[in-house]
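# Architecture and fold: a report
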Amino acid sequence: MRTVQQLMDLSGRVALITGGAGHIGQVIAAALLEAGATVALCDRDEPGLERVCSTLSSQFSSGELDYFRVDFLDENETRGLISKTMQRFQKLQIIVHCAAFVGTTEYPGWAEYLDRQSVAAWDAALRVNVTAAFVMTQEAAPVLKQQQGSSVVYISSIYGLCGPDMSLYEGTAMKHPAAYGVSKAGLLQLARFFATTLAPEVRVNAISPGGIWRRQPEAFHTRYKVRTPLGRMGVEEDLKGAVLYLASDLSSYVTGQNLVVDGGWCAW
Ligand SMILES: NC(=O)c1ccc[n+]([C@@H]2O[C@H](COP(=O)([O-])OP(=O)(O)OC[C@H]3O[C@@H](n4cnc5c(N)ncnc54)[C@H](O)[C@@H]3O)[C@@H](O)[C@H]2O)c1
């Protein structure tokens, strides 16, 4: 029987992490690098990728690290990411899809009051948040199936599970696009779809974080904390354990699940 240390060891595995220039993506990369994985980061923000790679390279000498620029609005670029990763590292066992249109994304018709939310923004968000996960997993399936320990993790959200409580946002400029939760709910079903269709070789799960503290307006922050059983917003570090668990052999018998990391927000 393997030890816990052996089960969480990702040495020799290659992980593709999307949204790698973002807040959560870079922390996920740090967690997987620390566990010994080789990491390919991707994002559409190339200067951000350079910055993150340079910081992570100075922190971890265990696994190799590289990045690819990609725009998930483009299907061909999204498909090409898998062959680029294979060309660079010759294998791929882990995909974490973290890139997304989020509340702060600037796009016409996105973070607007309901009457100004546009179909163009809805389409673009679904493309990045959920269609890209479908395309990458479809494209990577033959490769993932050939290798041991293949695991796909989609970063969803509590808003894929619950409707927004708009009273939290009152008196702030924060908006809540309908397509955000729709795309995140879609990811949960996509995880179940691939969990059953790519089994037994590939495991597919989701993580649903609660709100992460990013200096939101004080009124929102105070209400959010009161509404959360653990009495605080999340921080990026809260996701390290969840992603390492689902990406590694610690969760070898877990597939099609959604791990909610929300301080109890959805437990009421
Ligand atoms: N921050 C939160 O409170 C929170 C809560 C629940 C879930 N999440 C989820 O966690 C994930 C990461 O969120 P974050 O807070 O780190 O956000 P973030 O904005 O810091 O990171 C998202 C990344 O996605 C990239 N991206 C956006 N559009 C892209 C495109 N077309 N092509 C390629 N890359 C693109 C952005 O450049 C960015 O680096 C998201 O999936 C988000 O929905 C976040």
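Let us look at the structure shown here. Bear in mind that the values here come from a model prediction, so they are computed numbers and not experimental data.

## Section: the pattern of salt bridges
Per the counting criterion, the structure on display carries 10 salt bridges. When the shortest N-O distance is used, the salt bridge between Arg2 and Asp249 registers 2.8 Å. In this pair, Arg2 is assigned in the segment before α1 (4-7) and Asp249 in the loop between α8 (240-247) and β7 (258-261), connecting sequence segments 247 residues apart. Of the charged contacts in the structure, one is a salt bridge between Arg227 and Asp165, with a shortest N-O distance of 3.9 Å. With Arg227 in helix α7 (residues 218-227) and Asp165 in the loop between β5 (150-155) and α6 (178-197), this pair connects stretches of sequence that are 62 residues apart.

## Quick word on the layout of surface pockets
Taken as a whole, the largest pocket encloses approximately 1,400 Å³ of empty space. Within the residue set of the lining of the largest pocket, elements represented by two or more residues are α2 (23-34), α6 and α7. In terms of residues, the lining of the largest pocket owes the most to one element, α2, which gives three residues. Looking at the lining of the largest pocket residue by residue, the class counts come to 26 nonpolar, 13 polar and nine charged. If you trace the second largest pocket, you find 15 residues lining it, with Ser150, Pro200, Glu201, Arg203 and Ser252 closest to the centre. A per-class count over the lining of the second largest pocket returns five nonpolar, six polar and four charged.

Rules and cut-offs
- Residues numbered from 1 in each chain as written.
- Predicted model: local features only at pLDDT ≥ 70, side-chain atom pairs only at ≥ 80, totals over all residues.
- Heavy atoms only, no water.
- Salt bridge = Lys/Arg side-chain N within 4 Å of Asp/Glu carboxyl O.
- Helix = DSSP H or I, 4+ residues; strand = E, 2+ residues; numbered from the N terminus.
- 1 Å grid on protein atoms, 1.4 Å probe; cavity = no way out; pocket = protein on both sides within 12 Å on 5 of 7 lines; lining within 4 Å.
- Points joined across faces, edges and corners; volume = space filled by probe spheres on them.
- Nonpolar A, V, L, I, M, F, W, Y, C, P; charged D, E, K, R; others polar.

These results come straight from atomic positions and should not be treated as a statement about function.
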